[in-house]
Amino acid sequence: MSGDRLTATPPDVPLCALADLPDPGARNLVLEIGSRRFHGFQVRRGDAVTGFVDRCPHQGLPLARTLDAYLTPDGALIACSWHGALFRPDDGHCVGGPCAGAALTAWPVAVRDGIVRTA
């Protein structure tokens, strides 16, 4: 169906250079796969990058109202800008807000030879 959102991506798709991600920081990505789209984001902390589907478990909305604004001001947590849910960047577990105990859907990514790729 055209316009449906995907929740997974094929492996080994190059996404960006690690150097292009702020540290700490996050970046939104939309991948078009056939006639469908995958909406996700990556979080970098040092040399570690984690990926998540851009959908809050509380109401299914994308987390950031402003492009790439996924982290709290101190960079310690992922924040949903709609209802204030807070998530750990290493595993997406919600530690506060309306969906405490839930988790973001992981999007497997890996860094190889300085390039972030789907895993």
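Refer to the preceding data block for the structure.
Engineer: With reference to specific residues and values, describe the overall build of the protein.
Structural biologist: Along the backbone of the protein there are zero helices and ten strands. A compact globule built from 119 residues should have a C-alpha radius of gyration of about 14 Å, and the protein, at 14 Å, falls within 12% of that. With respect to the principal axes defined by its C-alpha atoms, the protein has extents near 40 × 35 × 25 Å. Buried residues in the protein amount to 37% of all 119 residues. Here the contacts in the protein between residues at least 6 apart in sequence split such that 49% fall between residues at least 24 apart. About 6,200 Å² of surface is accessible on the protein, with carbon and sulfur atoms providing 52% of the total.

Engineer: For the pairing of strand E3 (residues 25-33), give the residues involved together with the corresponding values.
Structural biologist: Summarising the sheet, E3 and strand E4 (residues 36-45) pair through nine bridges and their orientation is antiparallel. Its bridge partner being in E4, Leu29 is matched across the sheet by Gly40. Linkage of E3 to E4, two consecutive antiparallel strands, is achieved through a turn of two residues, within which Gly34 is found at a positive phi near 65 degrees.

Engineer: Can you break down the nonpolar core residue by residue, with the values?
Structural biologist: Core analysis: the biggest nonpolar cluster contains 16 residues, and Phe41, Cys56, Leu63, Ile78, Ala85, Phe87 and Leu104 have the highest contact counts within it. Residues in contact with Cys56, not counting those within four places in the same chain, are Leu61, Leu63, Cys80, Ala85, Phe87, Cys99 and Leu104.

Engineer: Got a sec to walk through the packing of aromatic side chains? Specific residues and values, please.
Structural biologist: As enumerated under the stated definition, the model contains three aromatic pairs in all. Note on Phe38 and Trp107: the rings are 4.6 Å apart at their centroids and 50 degrees apart in plane angle, and the pair reads as tilted. With Phe38 in strand E4 and Trp107 in the loop between strand E8 (94-96) and strand E9 (109-112), this pair connects stretches of sequence that are 69 residues apart. Following the ring pairs from residue to residue traces out a cluster consisting of Phe41, Phe52 and Tyr70.

What counts, and at which threshold
Residues numbered from 1 in each chain as written. Predicted model: local features only at pLDDT ≥ 70, side-chain atom pairs only at ≥ 80, totals over all residues. Heavy atoms only, no water. Helix = DSSP H or I, 4+ residues; strand = E, 2+ residues; numbered from the N terminus. Rg over C-alpha atoms; globule rule 2.2 N^0.38 Å. Buried < 20%, exposed > 50% of the residue type's maximum accessible area, 1.4 Å probe, protein only. Contact = heavy atoms within 4.5 Å. Areas by Shrake-Rupley, 256 points an atom, 1.4 Å probe, with all protein chains shown as cover. Pairing = 2+ DSSP bridges. Core = buried A, V, L, I, M, F, W, Y, C linked by side-chain atoms within 4.5 Å. Phe/Tyr/Trp six-rings, centres within 6.5 Å; stacked < 30°, edge-to-face > 60°.

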